[in-house]
Amino acid sequence: MLIIVNIIFLMILYFISQLYPVKYFDIISSKYFDKLLILSVIKVESNFFPNAESPLGAFGLMQLMPNTAEWLNKKFFVQYDYRKPVENIKLGVLYLDYLYELTKSFDKSLIFYNTGPNATEETIKTSGNKYLNKIMKSYFIYKLLYWSDDL
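Residues numbered from 1 in each chain as written. Predicted model: local features only at pLDDT ≥ 70, side-chain atom pairs only at ≥ 80, totals over all residues. Heavy atoms only, no water.

(A) Molecular detail of the packing of aromatic side chains. In total, this model carries 11 aromatic pairs according to the counting rule given. Ring plane angle 85° and centroid distance 6.0 Å describe the contact between Phe59 and Tyr82, whose orientation is recorded as edge-to-face. Of this pair, Phe59 sits in the loop between helix 2 (35–46) and helix 3 (66–75) while Tyr82 sits in the loop between helix 3 and helix 4 (85–103); the two residues are 23 residues apart in sequence, bridging distant segments of the chain. Under the relative-accessibility criterion, Phe59 is labelled buried at 13%. Consider the rings of Tyr95 and Tyr113, whose centres lie 5.6 Å apart with planes at 45°: the pair is tilted. Of the two residues, Tyr95 sits in helix 4 while Tyr113 sits in helix 5 (residues 106–115), which places them 18 residues apart along the sequence. Each of the two residues, Tyr95 as well as Tyr113, counts as buried. Put simply, the rings of Trp71, Phe76, Tyr95, Tyr98 and Tyr113 touch in pairs and so form one group of aromatic residues. Of note, Lys35 hangs over the ring of Phe25, and the distance from its end group to the ring centre comes to 4.8 Å. The ring centre of Tyr20 lies 4.7 Å from the NZ or CZ of Lys43, which sits over that ring. (Phe/Tyr/Trp six-rings, centres within 6.5 Å; stacked < 30°, edge-to-face > 60°. Helix = DSSP H or I, 4+ residues; strand = E, 2+ residues; numbered from the N terminus. Buried < 20%, exposed > 50% of the residue type's maximum accessible area, 1.4 Å probe, protein only. Lys NZ or Arg CZ within 6 Å of the ring centre and 35° of its normal.)

What follows is the structure, given as C-alpha cells:
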C-alpha cells in the first residue's frame, strides 16, 4: 500500500512540475531576484507562451510593452529584441532590477512591474496587490517543487 501511495505522490509532483517548468532557468540572471521568483513572474505573465500578447499590447514571456522595451534598451545601452524569448526575459529582468533599485523593495518592484511606477495608489492597492499575491503563490509552489535557486 505504501508503494502505491508513493507512486501516486510522485505522479502528482510530476504533474505539478509540468505546470511549473524551469525552462529558461539557465539564462535568467538578476542582481536582486532569485531565479525561481523570475520564473514565477513568467508563469503569471504568460504561462510560458513565448508569443503571448495582451489586449493592451504587452508581448512575450514577461509581457513587456513595446515602449517599455524601447526605453530599457536606450537607458541601459542594450539592443534586446522583446519579441525574442530569451531577450524578452533579459529585458524583463533588467526592468525588475531597475524597479528594485528605484524602490529598494521586492514587493513594490513586483507591483510596479505590473502597474507601472507611476500608478495611482488605488491601482497599486487593487490590481498591484492582486498581482503580487499571484506571484507569491506561484513562487511558493516553485520553492516547494525545486527548493533551491541552484537547480
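Next comes the rest of the account.
(B) View of a nonpolar patch on the surface. Judged by side-chain polarity, Met1, Leu2, Ile4, Val5, Ile8 and Ile12 come together as a nonpolar surface patch covering roughly 640 Å² of accessible area. Here Leu2 lies in helix 1 (residues 2–19). A residue is classified by how much of its surface remains accessible, and Leu2, at 61% relative accessible area, is exposed. (Patch = residues over 30% accessible without salt bridge, like charges linked within 9 Å, V, L, I, M, F, W, Y side chains within 5 Å. Areas by Shrake-Rupley, 256 points an atom, 1.4 Å probe, with all protein chains shown as cover. Salt bridge = Lys/Arg side-chain N within 4 Å of Asp/Glu carboxyl O.)

(C) Examining the pattern of salt bridges more closely. Applying the stated criterion to the full structure yields 3 salt bridges. The shortest N-O distance in the salt bridge between Lys31 and Glu101 comes to 3.3 Å. With a gap of 70 residues between them, Lys31 in the loop between helix 1 and helix 2 and Glu101 in helix 4 connect regions that are remote in the sequence. Classification of Glu101 as partly exposed rests on a relative accessible area of 31%.

(D) Local environment of the side chain of Ser109. Its place among the elements puts Ser109 in helix 5. Look at Ser109 and you get buried, because its relative accessible area is 0%. A polar contact of 2.6 Å, which involves the side chain of Ser109, links it to the backbone oxygen of Ser105. With residues near it in sequence (within four places) discarded, Ser109 still touches Phe33, Leu96, Leu99, Tyr100 and Thr103. (Polar contact = N/O pair within 3.5 Å; in protein donor to acceptor, adjacent residues only side chain to side chain. Contact = heavy atoms within 4.5 Å.)

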